Amino acid sequence: MAKIVMKFGGAALASTEQIQEAARKAIAEKDRGFDVVVVVAAMGHTMKDVQTMVHQLTDEVPKRELAAVVSTGSQLSSALFAIALQEAGYEAVSLTGWQAGIHTDCKYRHARIDYIDDSRIEEHLVQGQIVVIAGEQGIDEEQNITTLGKGGAETTAIALAVALEAERTDMYTNVDGVYTADPRYVSKAQKLQEISYDEMLELSNLGSHVIHPRAVELAKKFQMPVIIRSSLVESVGTLLKEEVEMENNLVVRGVAFESDIIRLTVGYDAYADGALADMFTILAENRINVDIIVQAIIDGLKPTVSFSILKEEFAETLRVLEDSKLSLGFSFADFEIGLAKVSIIGSGMASNPGVAARMFDRLRREDIPIKMVSTSEIKVSVVVPQDDMIRAANALHDEFNLEQALYI
C-alpha cells in the first residue's frame, strides 16, 4: 500500500478543534487507501509557560535538560492527535522521536538526523494504524533526547518519507501554497502551481517562511515530492519537484524579503592569509548562518570583511567572535542595524543576462539605496534600509511582471 507523510505545524494544532480538523485530513487520506504517517510540531504557544518555568530556576539551562523539556511540546501534540483519531473510530498510535527510530547527533538543541530505523513504524502500519510522530526530536548514540531546532518537524517529515519510501509529503501550513511574494505585503502576488527545489530553497533562505531550507535540501537530495497546502481551507497547494514548466517564460519567479538584518564588519590591522577561512570556520562550527559576505583589501586602508546575519543570531555571533578574537587576530568589530534583505529568484536567470542591472535600475528609480549585494545563478539579493523593504519588494514584483505568473 502506498504511503504518505503529512506534517502539521503548531499553528494548525493550536486548539482541540484544530487538532480535530487536522485529524479529519489524515482520515481522508486513510480512506483514500494510503498508509498514513503524521508528523506534528508543538502546539502553538504551549511551550512558553514551560520555558518560563525553566528560566525561573536558572539563567544557564543545561542543554541536555532543555532539549528534554522542549521535546515534550510535540509529544503532547502527537498524543492529542492520536486521541482525536481514535475518538473518530480509527486505529492510531503516537510515537516520540526515539520510539519512531529517529537517531541524531548529540547537538541537543540543533541536532541533525543520522539515520532512521523505521521498523516500528512499519509494524504499526501493517496493523492498519495511523502513526502520529512527535516531530523536531530524536535520540543520540548515548540515548539522550535531542531536538532538531528550527525546521525540525518539516525535516523530520521529509526524512521519514524518504525512509518509508513514501509517495509524497504533504506540508500543512497557514498558507495555501507558495506565492510569487508574500501576499500580505504584495497585493498582486500570485500562487504558483509548481516550484523547483532550487527556487524554493532560495526563497526559504531569503525570507519566505513557508518551509524551512533544511527540509527543502533533504527533499531535493532524495527527490521527494512535497505539496505545500493550507491547514485552514481546502486547496490544491504548490508542488515542489526537480524541474517545473516555465510559467509564461518568466525569468524571475519570486520576490522574497526579510527584516532585521544586521551588517557586521570585522577589521584587521593587516591582512593575513587564512584569516577569512578561520573566521567563517568558527562561525560555522557554532552553526551561525552567514549570508552576504563582502571583503575589502585596499592599499592604505585597514582590511575589513562585512557579512550579514539575522538579528536573532547577533548576540551569539558577537560572543563567538569575542571568545576567538586572539586566534582570529582582528582588531575591531562594528555593526549596522535597521537593514533588510530583498531578493529576486528564478531558475531562468542563469541564461538571461541583465537581470541584476534591471533590478538595480528599478531600485535607483525608486530612490532606494543598496548597502550590499549577493548573486548566484538563480538569485540576486540586496541589503536595503528596512524602512524601504516593502516598497522595494512591490517595485521588483512589478518590474518583473510577476502578476502574470500562472496560478490556480
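See the structure above.
Along each chain, residue indices are assigned from 1 in the same order as the chain's sequence is written. In keeping with the model being predicted, local features are shown solely for residues with a pLDDT of at least 70 and side-chain atom pairs are shown and tallied solely at 80 or more, while totals for entire chains, interfaces and linings include all residues. Side-chain metrics rest on all non-hydrogen atoms present in the structure, leaving aside hydrogens and water.

Undergrad: Can you walk me through the overall build of the protein in this structure?
TA: What the protein contains, in helices and strands, is 12 helices and 18 strands. All radius of gyration figures rest on C-alpha atoms, and the globule criterion is 2.2 Å times the number of residues raised to 0.38. A compact globule built from 408 residues should have a C-alpha radius of gyration of about 22 Å, and the protein, at 23 Å, falls within 12% of that. The dimensions of the protein, computed from C-alpha atoms along their principal axes, are 75 × 55 × 35 Å. Scored against the burial criterion, the 408 residues of the protein give a buried share of 51%. Each helix is a run of DSSP H or I of at least 4 residues and each strand a run of E of at least 2, with the numbering of both proceeding from the N terminus. Burial classes: relative accessible area under 20% of the type maximum marks a residue as buried, over 50% as exposed, and values in between as partly exposed (1.4 Å probe, protein chains only).

Undergrad: I tried to follow the sheet that holds strand E17 (residues 372-376) on my own but got confused; where do I start?
TA: The pairing of strands in a sheet happens through backbone hydrogen bonds and is either parallel or antiparallel. For two strands to pair, DSSP has to find at least two bridges joining them. Spatial ordering of the open sheet is given by E14-E15-E13-E16-E18-E17, a layout of six strands whose pairing is antiparallel. In the strand order of this sheet, the two ends are held by strand E14 (293-296) and E17, each with one partner. The average angle at which neighbouring strand axes cross in this sheet is 30°, direction not considered. Where E14 lies against strand E15 (residues 304-310), four bridges are found, and the strand directions are antiparallel. Among the inter-strand pairings, Ile 293 is bridged to a residue of E15, identified as Phe 307. Contact between two residues is taken to exist if any of their heavy atoms lie within 4.5 Å; hydrogens are not considered. Throughout, an axis means a line fitted to C-alpha atoms (over the contacting stretch in the case of helices), and angles, computed between N-to-C directions, take values from 0 to 180 degrees. Taken strand by strand, helix H9 (residues 314-323) contacts strand E13 (254-267), E15 and strand E16 (332-345), and its axis lies near 25° from that of E13. Its contacts with the sheet place helix H11 (residues 355-365) against E16, E17 and strand E18 (379-385), and it is angled at close to 20° to E18.

Undergrad: How do you make sense of the nonpolar core when you look at a structure like this?
TA: In globular proteins that are soluble, nonpolar side chains generally tend to be buried together. Counting 40 residues, the largest nonpolar core has Ile 121, Ile 133, Met 200, Ile 211, Ile 228 and Leu 240 as the members making the most contacts within it. Looking at this core, the elements with two or more residues in it are strand E2 (35-40), strand E3 (92-95), helix H4 (119-126), strand E6 (130-134), helix H5 (152-163), helix H6 (197-205), helix H7 (213-221) and strand E11 (226-230). Counting residues per element, this core draws most heavily on H5, which supplies five residues. Setting aside chain neighbours within four positions, we find Ile 121 in contact with Val 37, Leu 95, Ala 100, Val 131, Ile 133, Leu 160 and Leu 164. Buried Ala, Val, Leu, Ile, Met, Phe, Trp, Tyr and Cys residues form a nonpolar core when they are joined through side-chain atoms within 4.5 Å. By size, the runner-up hydrophobic cluster in this structure holds 24 residues, among which are Val 186, Met 349, Val 380 and Phe 400.

Undergrad: Explanation requested: the packing of H6 against H7 in the structure shown.
TA: As a packed pair, H6 and H7 sit with axes 9 Å apart at the nearest point and diverge in direction by 165°. With respect to their mutual orientation, H6 and H7 come out roughly antiparallel. Note that H6 runs across H7; the crossing there is left-handed. Contact residues: Tyr 197, Asp 198, Met 200, Leu 201, Ser 204 and Asn 205 in H6; Pro 213, Val 216, Glu 217, Ala 219 and Lys 220 in H7. Across the contact of H6 with H7, the residue classes tally to six nonpolar, two polar and three charged. An angle below 35 degrees is read as roughly parallel, one above 145 as roughly antiparallel, one from 65 to 115 as roughly perpendicular, and any other as oblique. Definitions for this section: a left-handed crossing has its near helix turned counterclockwise from the far helix by less than a right angle. A right-handed crossing has that turn clockwise. Throughout, the ten residues Ala, Val, Leu, Ile, Met, Phe, Trp, Tyr, Cys and Pro are labelled nonpolar, Asp, Glu, Lys and Arg are labelled charged, and all others, Gly among them, are labelled polar.

Undergrad: Even after reading the chapter, I still don't get the packing of aromatic side chains, so can you show me in this structure?
TA: Each aromatic ring pair is summarised here by two numbers: the centre-to-centre distance and the angle between the ring planes. Aromatic pairing here means that ring centres of Phe, Tyr or Trp (its six-membered ring) are within 6.5 Å. Orientation follows from the plane angle: under 30 degrees is stacked, over 60 is edge-to-face, and everything else is tilted. Per the counting criterion, the structure on display carries five aromatic pairs. Relative to Phe 257, the ring of Tyr 185 has its centre 5.9 Å away and its plane inclined at 80°; by these criteria the two rings are edge-to-face. Note that Tyr 185 is positioned in the loop between strand E9 (168-173) and strand E10 (194-196) and Phe 257 in strand E13, a separation of 72 residues in sequence. Of the residues examined, Tyr 185 reaches a relative accessible area of 41% and is grouped as partly exposed. An angle of 75° between the planes, with centres 5.4 Å apart, marks the rings of Phe 280 and Phe 307 as edge-to-face. Placement of Phe 280 in helix H8 (residues 275-285) and of Phe 307 in strand E15 is noted, with a sequence separation of 27 residues between them. Taken as a pair, Phe 280 and Phe 307 share a single burial class, namely buried. Arg 168 extends its terminal NZ or CZ atom over the ring of Phe 34, reaching a point 5.5 Å from the ring centre. Sitting over a ring, as applied to charges here, requires NZ of Lys or CZ of Arg to be within 6 Å of the ring centre and within 35 degrees of the ring normal.

Undergrad: Explanation requested: the layout of surface pockets in the structure shown.
TA: One water molecule sets the probe size; rolling that probe over the atoms shows where empty space is left. Its boundaries defined by the atoms lining it, the second largest pocket holds a volume of some 350 Å³. Buriedness of a pocket was judged along seven lines, with at least five required to meet protein on both sides within 12 Å; pockets are open sets of points on a 1 Å grid over the protein atoms alone, cavities are sets where a 1.4 Å probe fits but cannot get out, and lining residues have an atom within 4 Å of a point. In this structure, the second largest pocket is lined by 13 residues; those nearest its centre are Ile 113, Thr 155, Ala 159, Leu 218 and Phe 222. Among the elements of the structure, strand E5 (113-116), H5 and H7 are those that each provide at least two residues to the lining of the second largest pocket. Grid points are joined across faces, edges and corners, and a volume is the space filled by probe spheres set on the points.

Undergrad: What exactly am I supposed to notice about the packing of H8 against H9 here?
TA: When two helices pack together, their arrangement is captured by the angle between the axes and the distance separating the axes. For the pair H8 and H9, interaxial distance at closest approach is 10 Å and the crossing angle is 130°. In terms of orientation, H8 lies oblique with respect to H9. Considering the relative orientation of H8 and H9, their crossing is right-handed. Listed contacts from H9 to Met 279, Ile 282 and Leu 283 of H8 are Thr 317, Val 320 and Leu 321. Grouping the constituent residues of the contact of H8 with H9 by class yields five nonpolar, one polar and no charged.

Undergrad: Which parts of the structure should I look at to understand the environment of Val 61?
TA: As for its position among the elements, Val 61 is in the loop between helix H2 (47-57) and helix H3 (63-87). In this structure Val 61 comes out as buried when scored by relative accessible area, which is 19%. Discounting chain neighbours no more than four positions away, the residues touching Val 61 are Val 54, His 55 and Leu 66.

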